[in-house]
Amino acid sequence: MNTFSSLGLQADPIASFSSWLKEAEAAGVAQYEAFSLATVNANGNPSVRTLLFKGMYRNGFGFFTNYNSPKAEDIRNNTYAALLFFWQVQARQIRISGTVEKLGQAESQAYFATRDRGSQIGAWASAQSEDLASREHLLEQVKRLEAKYANQQIPCPPHWGGFRLEPQTMEFWQGRKDRLHDRFEFTRTDTEWTYRRLAP
Ligand SMILES: Cc1cc2nc3c(=O)[nH]c(=O)nc-3n(C[C@H](O)[C@H](O)[C@H](O)COP(=O)(O)O)c2cc1C
């Protein structure tokens, strides 16, 4: 068996990602669904933060956030972004880059409905990344909203929802002895993926 297939990689990098994600979970990687999202603002300055992967949406990597947040503003200015998964237990890294677009409202609402009530209230209560005078102020907002939505379903806020990153490149990195790591980079051309091996 060659290295490529012995690593569980296939010609389809999204299927390869799914295998590695399952293997990370099975290996007991803590927060295996956490990834870094890098975006670039209107001045060309990058920023990066951790998010949770919430599944594939029409072959795009799905995540959820506040549409008024700095990351969402960055995406509006420049739809090109990058994701990074790092699974230390297995010495694996996956780098992904591509273009990001908002999920449909129905998709965001469907996911919002699966969140626990506390997180649903949180999405309403917090103006993500804006100035916050005090923690008490945030807790007051939570109390107010709990009273407002008592015994009711909490609707998905209009300023909250998902994005999907449609991959154009995906690189799988497997750490090996003596820094002789294995790296395979997939690139999409129209609808087809090709891959090449990279030097570590
Ligand atoms: C483990 C972990 C998971 C996180 N998951 C999310 C997430 O799924 N969505 C989100 O909006 N923020 C999440 N955050 C918070 C973000 O890292 C970030 O602080 C926030 O989204 C504001 O980012 P921005 O100001 O760049 O828009 C998470 C943080 C950590 C450490």
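The text that follows walks through the structure, step by step, so that each part is easy to find. (Residues numbered from 1 in each chain as written. Predicted model: local features only at pLDDT ≥ 70, side-chain atom pairs only at ≥ 80, totals over all residues. Heavy atoms only, no water.)

**Some remarks on the site of the ligand**
- Gln31, Arg49, Thr50, Leu51, Leu52, Phe64, Thr65, Ser69, Pro70, Lys71, Gln128 and Ser129 make up every residue found near the ligand.
- A distance of 2.9 Å separates a nitrogen atom of the ligand from a polar backbone atom of Phe64.
- The separation between an oxygen atom of the ligand and a polar side-chain atom of Thr65 is 2.6 Å.
- Within the complex, 64% of the 620 Å² of free accessible area of the ligand lies under protein.
- Sorting the residues of the shell around the ligand by element identifies β2 (46-52), β4 (60-66) and α3 (70-77) as the ones contributing at least two each. (Near = heavy atom within 4 Å. Polar contact = N/O pair within 3.5 Å; in protein donor to acceptor, adjacent residues only side chain to side chain. Areas by Shrake-Rupley, 256 points an atom, 1.4 Å probe, with all protein chains shown as cover. Helix = DSSP H or I, 4+ residues; strand = E, 2+ residues; numbered from the N terminus.)

**A look at the nonpolar core**
- Among the nonpolar cores identified, the biggest contains 32 residues, and Phe17, Phe85, Trp87, Ile96 and Met170 are the most heavily contacted of them.
- At the level of elements, α2 (13-26), β1 (34-40), β4, α3, β5 (80-87), β6 (92-102), β7 (160-174) and β8 (182-189) are the ones that each hand at least two residues to this core.
- For this core, the element with the highest residue contribution is α2, accounting for five residues.
- Ignoring anything within four residues of it in the chain, the contact list for Met170 reads Pro13, Ile14, Phe17, Phe61, Arg95, Ile96, Phe184, Glu185, Phe186 and Trp193.
- Judged by nonpolar contacts, the second largest core, of 13 residues, contains Ile121, Leu145, Ile154 and Cys156. (Core = buried A, V, L, I, M, F, W, Y, C linked by side-chain atoms within 4.5 Å. Buried < 20%, exposed > 50% of the residue type's maximum accessible area, 1.4 Å probe, protein only. Contact = heavy atoms within 4.5 Å.)

**Some points on unusual backbone geometry**
- Its identity is not glycine, yet Gln31 carries a phi of approximately 50°, on the positive side.
- Along the polypeptide, Gln31 turns up in the loop between α2 and β1.
- Phi at Asp178 takes a positive value of approximately 55°, unusual for a residue other than glycine.
- Within the fold, Asp178 resides in the loop between β7 and β8.

**Looking at the pattern of salt bridges**
- Considering all chains together, one arrives at 14 salt bridges under this definition.
- The partner of Asp74 in a salt bridge is Arg49, and the shortest N-O contact between them spans 4.0 Å. Note that Asp74 is positioned in helix α3 and Arg49 in strand β2, a separation of 25 residues in sequence.
- Here Arg95 makes a salt bridge to Glu171, at a shortest N to O gap of 3.4 Å. Placement of Arg95 in strand β6 and of Glu171 in strand β7 is noted, with a sequence separation of 76 residues between them.
- Residue Arg95 is classed as partly exposed on the basis of its relative accessible area of 43%.
- According to the relative accessible area criterion, Glu171 is buried, its value standing at 4%. (Salt bridge = Lys/Arg side-chain N within 4 Å of Asp/Glu carboxyl O.)

**Structural notes on α3**
- Among the residues of α3, those classed as buried are Lys71, Ala72, Asp74 and Ile75. Projection of α3 onto a plane perpendicular to its axis shows the buried side chains occupying an angular sector of 155°, all on one side.
- Those residues of α3 that are buried are in contact with β1, β2, β4, β6 and β7. (Arc of directions from axis to C-beta.)

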